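Understanding the architecture of this molecule
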Amino acid sequence: GVKTKLTSPSTHDDILPAFSPDGRTLAFTRQLSSPVFGAFVHVVPVAGGEPRVVVPTSVRRRGRLAWIAGGKEILFSAVPLAQDGDQPRPSSYGRASTYLWRVPVDGGQARPLAGSERALDVAVARDGHRLVYSQGTIDLDIWRLDLRRGQATGEVQTRFAPSTEDDANPQF
């Protein structure tokens, strides 16, 4: 095949590409670096043309994009921070959990996908009826450090309360 440049990044990075099911359109994340940070979901025709913003998020977001509904919608992960009337609007700023969002390729409001808290990368089955995603988790176990011992004995720390939940703010 012939290598064809589809985007022209200069003050930004074009990352995480995903081809539409028919192979005619490429969705990607455009990550701005200066003067305003941002990450925006774009599409561009593979045959050539200008990239078009499908949905702005804000600041840096993570995770791959995926096509659904026969190429009519794109899935992406972002943090719901802003409200637009009664509807949450995708962002990726802050420490809130990411969720999967679906947005029409031709424009329209992005909608969160229920049950996808802490979602990052996403992939959709070929039949379009199932998806898988990675889920970011933090394991906040409680650790103990004996101040009478130290690095000389090799015992620096031990896990005191292992858990599958978030255990934080330990107290004596």
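A short tour of the structure in this document, coming up. (Residues numbered from 1 in each chain as written. Predicted model: local features only at pLDDT ≥ 70, side-chain atom pairs only at ≥ 80, totals over all residues. Heavy atoms only, no water.)

1. Some words on the overall build of the chain
When helices and strands are tallied, the chain shows zero helices and 13 strands. Out of the 172 residues in the chain, the part that is buried amounts to 30%. Restricting the contact set of the chain to residue pairs at least 6 apart, pairs at least 24 apart contribute 33%. As displayed, the chain offers around 11500 Å² of accessible surface, 51% of which is attributable to carbon and sulfur atoms. (Helix = DSSP H or I, 4+ residues; strand = E, 2+ residues; numbered from the N terminus. Buried < 20%, exposed > 50% of the residue type's maximum accessible area, 1.4 Å probe, protein only. Contact = heavy atoms within 4.5 Å. Areas by Shrake-Rupley, 256 points an atom, 1.4 Å probe, with all protein chains shown as cover.)

2. Re the side chain of glutamate 73
Topologically, glutamate 73 is positioned in strand 6 (residues 73-84). The residues touching glutamate 73, leaving out its near neighbours within four places in the chain, are Ala66, Trp67, Ile68, Arg102, Val103, Pro104, Val105 and Arg111.

3. Side note on unusual backbone geometry
A positive phi angle, close to 55°, is found at leucine 16, a residue other than glycine. Mapped onto the secondary structure, leucine 16 falls in strand 1 (residues 12-19).

4. Focus on the environment of histidine 12
With respect to the helices, strands and loops of the structure, histidine 12 is situated in strand 1. On the accessibility criterion, histidine 12 (12% relative accessible area) is buried. Here the alpha-carbon distance between histidine 12 and arginine 30, two residues 18 residues apart in the chain, equals 6.6 Å. Beyond its immediate sequence surroundings of up to four residues, histidine 12 is in contact with Arg30, Gln31 and Leu32.

5. Concerning the pairing of strand 10 (residues 119-124)
Within a regular strand, side chains alternate between the sheet's two faces. One ladder, built from four bridges, connects strand 10 with strand 11 (residues 131-135); its direction is antiparallel. Directly across from valine 124, in strand 11, lies its bridge partner leucine 131. In this antiparallel pair of consecutive strands, strand 10 and strand 11, the connection spans six residues, and glycine 128 shows a positive phi of 75°. (Pairing = 2+ DSSP bridges.)

6. Regarding the nonpolar core
Grouped together as the largest cluster of nonpolar side chains are 15 residues, with contacts concentrated most on Val41, Val43, Leu65, Trp67, Ile74, Phe76 and Val103. Among the secondary structure elements, those contributing two or more residues to this core are strand 3 (38-45), strand 4 (52-56), strand 6 and strand 8 (99-104). Ranked by the residues each element gives to this core, the list is headed by strand 6, at three residues. Counting residues in each nonpolar core, the second largest holds seven residues, with Ile68, Leu100, Ala119 and Val122 among its members. (Core = buried A, V, L, I, M, F, W, Y, C linked by side-chain atoms within 4.5 Å.)

7. Quick look at the pattern of salt bridges
Between side chains of opposite charge, pairing is possible as soon as their charged atoms come close. Per the stated rule, a full pass over the model turns up four salt bridges. A salt bridge links aspartate 14 to arginine 30; its shortest N-O distance comes to 2.8 Å. Within this pair, whereas aspartate 14 is found in strand 1, its partner arginine 30 is found in strand 2 (residues 25-32), the two being separated by 16 residues in sequence. For aspartate 14, a relative accessible area of 22% corresponds to the partly exposed category. Taking relative accessible area as the criterion, arginine 30 reaches 14% and is therefore assigned buried. Residue arginine 111 pairs with glutamate 73 through a salt bridge whose shortest N-O separation is 3.3 Å. (Salt bridge = Lys/Arg side-chain N within 4 Å of Asp/Glu carboxyl O.)

8. Overview of the environment of glycine 48
Examined against the element boundaries, glycine 48 turns out to sit in the loop between strand 3 and strand 4. For glycine 48 and leucine 6, which are 42 residues apart along the polypeptide, the C-alpha to C-alpha distance reads 6.5 Å.

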